[in-house]
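# Survey of secondary and tertiary structure
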Amino acid sequence: MTRSKAGNDGTQILKQAQGMKRVPEKFQASVVIVQGHAEGMEYPLRKEYTVLGRDKGADIVLKDAQVSRQHAVIEYREGNYLLKDLESTNGTRMSGALIKETNLRHGDKFSVGGTTLQFVLDDTGKPRTYEIS
């Protein structure tokens with residue numbers, strides 16, 4: 001982009017922003033609802049930043065009155081998956097404890113509102129097993 005001269009208010013063309021970044025293809029990550037509405041439903045995590053919430057604009061929409069519109073996010077950063085609470089009203093829990101941010105590992109279960117989800121990370125192609133209560 002060139003600097004405009006005094007009095008020249010011409011249109012400037014900037015490079016288009018890149019689209020949403022995606023998780024490397026070698027990872028097959030998802031979350032599964034193990035307790036709550038749509039129990040057994042699996043949601044693949046294909047983006048680096050995946051919002052969970054009640055809002056229709058969330059990446060993973062949860063039908064749960066105890067879930068905030070934008071409740072939590074699962075973020076892929078530097079080879080790790082992180083679960084972060086987005087200052088939700090009822091909080092995000094892992095092993096019963098409220099969390100602000102924590103690393104996710106295969107099989108971890110966490111709760112948002114009255115919904116319990118399980119994080120699944122599959123990079124080996126082995127069959128997956130879920131523990132639905």
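Here, every reference points to the structure presented above.
Residues numbered from 1 in each chain as written. Predicted model: local features only at pLDDT ≥ 70, side-chain atom pairs only at ≥ 80, totals over all residues. Heavy atoms only, no water.

## Quick notes on the packing of aromatic side chains
To keep it simple, the criterion reads: Aromatic pairs are defined between Phe, Tyr and Trp rings, using the six-membered ring for Trp, whenever the two ring centres lie within 6.5 Å; interplanar angles under 30 degrees are classed as stacked, those over 60 as edge-to-face, and all others as tilted. Only DSSP runs of H or I covering at least 4 residues are called helices, and only runs of E covering at least 2 are called strands; the numbering of each starts at the N terminus. Throughout this description, buried means an accessible area under 20% of the type-specific maximum (1.4 Å probe, protein chains only), exposed means over 50%, and partly exposed covers the range between.
Counted under the stated rule, the structure contains 2 aromatic pairs. Where Tyr81 meets Phe119, the ring centres are 5.2 Å apart and the plane angle is 55 degrees; that geometry is what we call tilted. One end of the pair, Tyr81, is in strand E6 (residues 80–85); the other, Phe119, is in strand E11 (residues 115–122), and 38 residues separate them in sequence. Given a relative accessible area of 4%, Tyr81 falls into the buried group.

## Some remarks on the nonpolar core
Rules: What makes a nonpolar core is a set of buried Ala, Val, Leu, Ile, Met, Phe, Trp, Tyr and Cys residues whose side-chain atoms join them at distances within 4.5 Å. Contacts were defined at the residue level, with two residues in contact if any of their heavy atoms lie within 4.5 Å.
One finds Val31, Ile74, Leu83, Leu104 and Phe110 to be the most contacted residues of the largest nonpolar core, which totals 21 residues. Those elements that place two or more of their residues in this core are strand E1 (28–35), strand E5 (72–77), E6, strand E10 (109–112) and E11. Once you skip the residues sitting within four places of it in the chain, Ile74 turns out to touch Val31, Leu45, Glu48, Tyr49, Thr50, Leu52, Tyr81, Leu82, Leu83, Leu104 and Phe110.

## Section: the sheet that holds E11
Adjacent strands of a sheet form backbone hydrogen bonds with each other and so pair up, either parallel or antiparallel. Defined as follows: When DSSP finds two or more bridges between a pair of strands, those strands are recorded as paired. Lines are fitted to the C-alpha atoms to define the axes, a helix being fitted only along its stretch in contact, and any angle between axes, read from their N-to-C directions, falls within 0 to 180 degrees.
Pairing is antiparallel across the open sheet formed by 6 strands, whose spatial order is E2-E1-E11-E10-E7-E8. Because the sheet does not close on itself, it has two edges, and the strands there are strand E2 (42–44) and strand E8 (97–99). The mean inter-strand angle of the sheet, taken between neighbouring strand axes irrespective of direction, is 35 degrees. In terms of strand pairing, strand E7 (residues 92–94) meets E8 through 3 bridges, oriented antiparallel. Bridge pairing in E8 places Thr92 opposite Ile99.

## Some points on the side chain of Ser68
Looking at the element boundaries, Ser68 is found in the loop between strand E4 (60–61) and E5. Take Ser68: its relative accessible area is 12%, and that puts it in the buried class. When near neighbours in sequence (up to four residues on either side) are disregarded, Ser68 contacts Gly53, Arg54, Ser88 and Thr89.

## Details of the pairing of E11
For E11, a buried count of 7 out of 8 residues is recorded, marking the element as mostly surrounded by other parts of the structure. Note that E1 and E11 share 7 bridges and pair antiparallel. Note on E11: the bridge partner recorded for Val32 is Gln118. Count of turn residues in the E10/E11 antiparallel hairpin: 2 residues, of which Gly113 carries a positive phi of about 60 degrees.

## Quick notes on the sheet that holds E6
Strand order in this open sheet of 5 strands is E4-E3-E5-E6-E9, and the pairing throughout is mixed. A single partner strand is all that each edge strand has here, and the edge strands are E4 and strand E9 (101–104). Relative to E6, E5 runs antiparallel, the two sharing 6 bridges. In the sheet register, Ala72 faces E6, and the bridge partner there is Asp85.

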